[in-house]
Amino acid sequence: MTLPNGGTLASGYKRAARLRRNTQLKVYNSIFLDFQEGLHIDGTTTEANATANTLKWKNNILAGIVTVAKTLQVNTGSTFDITTWYNANNNTTVSTNANILTAPYNVTSATIYTGLDYRPATGSIAATGADFSDSSLLGTNQVSNVDSIEARIYPNPFASNFKINFISSNDEVVKVAIYDVTGRTIETKTIDYSEIETQEFGSNYNTGLYVVVVSQGQISKSFKIFKK
C-alpha cells in the first residue's frame, strides 16, 4: 500500500517474517499487512522444525503482500512444501488490506501514528477464526476453568476522554485505578460489569502520560495512555 509522505521502506524490513537458524518460534492468531514479501521458512533445520510441529505458524493472516510470488518462500533447491504446511495450519492470505482492520494507517500521511484503530473492521475475516487451543499454549496464556479478562483502552492517545472495552468470563464488579507517571492516584472507580463499557474517564486530566489498571477479582491488566 502506498501512502502520501510514506518515505522509503528499509530493505531489512521487507518480509512479514523470516524464520531461520533452527528456530522453534510459535506464532498464532496474528495479522501481517502490506509487506513487500510474506513468510520465508529459511533453512533445512527450520523446515524440519515446521514438519515436526515444533515451529508453528497457525491461524495467521497475510494481507496485501506486494510481491505475490514471494508470499510464501523457501530457499532455492528446497523440497519443503510450504504451501501445504501453511494451509494445513488454518492460515489465510488475501490480496489487499481492505476490510481487515478499522484504521491501520493514517491515509493522509504515513508519518502520523495517532488516531489509528487496530480493531477488526466490520465483517472482517479477523473477527473470527482465532484459536487458543493449541497444546503449546496450555500452561501459558490458556488455563482451563480459570476466569479471564480482555480489556482495551480507546482512543489512545485521547483528547477529551477515553473508554474501556472489557470482556470477562464472569460478571464480578470491575475496578479501575488511574495513576500519573509519579505513581499518584488520579482516579479510582468500582463499576458493575454490565456498565463498564458505558463509563468515560479522563475528562479533567492534564496533558501527559497515565497508567490505567483494570482488575476483576484476582486478575488485572495495565495500560499506558496519553492525554493530548
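Above this text is the structure in question.
A.B. asks: Lay out the packing of aromatic side chains in plain terms, naming residues and giving numbers.
C.D. replies: When we look at a pair of aromatic rings, we describe it by the centre distance and by the angle of the planes. Within this structure, the stated rule accounts for seven aromatic pairs. Pairing Phe32 with Trp57 gives two aromatic rings, centres 5.0 Å apart and planes at 25 degrees, and the pair type is stacked. Placement of the pair is Phe32 in strand β3 (residues 31-33) and Trp57 in strand β5 (residues 56-58), with a sequence separation of 25 residues. For Phe32, a relative accessible area of 14% corresponds to the buried category. Between Tyr205 and Tyr210, the ring centres sit 4.9 Å apart and the planes meet at 40 degrees, which makes this aromatic pair tilted. The exposure class assigned to Tyr205 is buried, which follows from its relative accessible area of 10%. Among the aromatic residues, those joined into a cluster by ring pairs are Phe158, Phe162, Phe201, Tyr205 and Tyr210. Sitting above the plane of the Tyr154 ring, Arg119 keeps its charged end 5.3 Å from the centroid. The ring of Phe201 carries the charged tip of Lys189 above its face, separated from the ring centre by 4.8 Å.

A.B. asks: Mind laying out the sheet that holds β3, listing which residues take part and the relevant values?
C.D. replies: If you trace the three strands from one edge of the open sheet to the other, you get β3-β6-β8, paired in parallel fashion. Looking at which strands have only one partner, the edges of the open sheet turn out to be β3 and β8 (92-94). When the angles between neighbouring strand axes are averaged without regard to direction, this sheet yields 10 degrees.

A.B. asks: Before we move on, can you summarise the sheet that holds strand β7 (residues 72-74) with the specific residues and values?
C.D. replies: With parallel pairing, three strands are arranged side by side in an open sheet as β1-β4-β7. In the strand order of this sheet, the two ends are held by β1 (15-19) and β7, each with one partner. Ignoring which end each strand starts from, the neighbouring axes of this sheet average 20 degrees apart. Relative to strand β4 (residues 37-41), β1 is paired through four bridges, and the arrangement is parallel.

A.B. asks: So what's going on with the environment of Val74? Residues and values would help.
C.D. replies: Note that Val74 resides in strand β7. What Val74 contacts, discounting residues up to four positions off in sequence, is His40, Ile41, Glu47, Phe80 and Ile82.

A.B. asks: Before we move on, could you go through a nonpolar patch on the surface and cite the residues and values that matter?
C.D. replies: Side chains of Val181, Leu209 and Phe226 sit close together on the surface and give an oily, nonpolar patch of about 260 Å² of accessible area. In this fold, Val181 is placed in the loop between β13 (174-180) and β14 (185-191). With a relative accessible area of 61%, Val181 lands in the exposed category.

A.B. asks: Describe the side chain of Asp117, and please don't skip the residues or the numbers.
C.D. replies: The residue Asp117 is located in strand β10 (residues 117-120) in this model. Look at Asp117 and you get buried, because its relative accessible area is 15%. Reaching out from Asp117, the side chain makes a polar contact with the side chain of Arg119 at a distance of 2.5 Å. When near neighbours in sequence (up to four residues on either side) are disregarded, Asp117 contacts Leu101, Thr102, Ala103 and Pro104.

A.B. asks: Describe the nonpolar core, and please don't skip the residues or the numbers.
C.D. replies: In terms of nonpolar packing, the biggest core is built from 19 residues, with Phe162, Ile164, Phe166, Val176, Ile178, Phe201 and Val212 touching the most fellow members. Looking at this core, the elements that each hand over two or more residues are β11 (149-154), β12 (163-168), β13, β15 (208-216) and β16 (219-227).

A.B. asks: Can you lay out helix α1 (residues 44-52) for me, pointing to particular residues and giving the numbers?
C.D. replies: All buried positions along α1 are accounted for by Thr46, Glu47, Asn49 and Ala50. Across the axial projection of α1, the buried residues extend over an arc of 155 degrees, all falling on one side. Facing away from the buried side of α1, by more than 90 degrees, are the exposed residues Thr44, Thr51 and Ala52. Looking at the packing, one finds that the buried side of α1 touches β1, β4, β7 and α2 (82-88). Asn53 lies just past α1 and shows a positive phi near 70 degrees.

Cut-offs and rules
- Residues numbered from 1 in each chain as written.
- Predicted model: local features only at pLDDT ≥ 70, side-chain atom pairs only at ≥ 80, totals over all residues.
- Heavy atoms only, no water.
- Phe/Tyr/Trp six-rings, centres within 6.5 Å; stacked < 30°, edge-to-face > 60°.
- Helix = DSSP H or I, 4+ residues; strand = E, 2+ residues; numbered from the N terminus.
- Buried < 20%, exposed > 50% of the residue type's maximum accessible area, 1.4 Å probe, protein only.
- Lys NZ or Arg CZ within 6 Å of the ring centre and 35° of its normal.
- Pairing = 2+ DSSP bridges.
- Axes fitted to C-alpha atoms, helices over the stretch in contact; angles between N-to-C directions.
- Contact = heavy atoms within 4.5 Å.
- Patch = residues over 30% accessible without salt bridge, like charges linked within 9 Å, V, L, I, M, F, W, Y side chains within 5 Å.
- Areas by Shrake-Rupley, 256 points an atom, 1.4 Å probe, with all protein chains shown as cover.
- Salt bridge = Lys/Arg side-chain N within 4 Å of Asp/Glu carboxyl O.
- Polar contact = N/O pair within 3.5 Å; in protein donor to acceptor, adjacent residues only side chain to side chain.
- Core = buried A, V, L, I, M, F, W, Y, C linked by side-chain atoms within 4.5 Å.
- Arc of directions from axis to C-beta.

The quantities given are spatial measurements derived from coordinates; they are silent on function.
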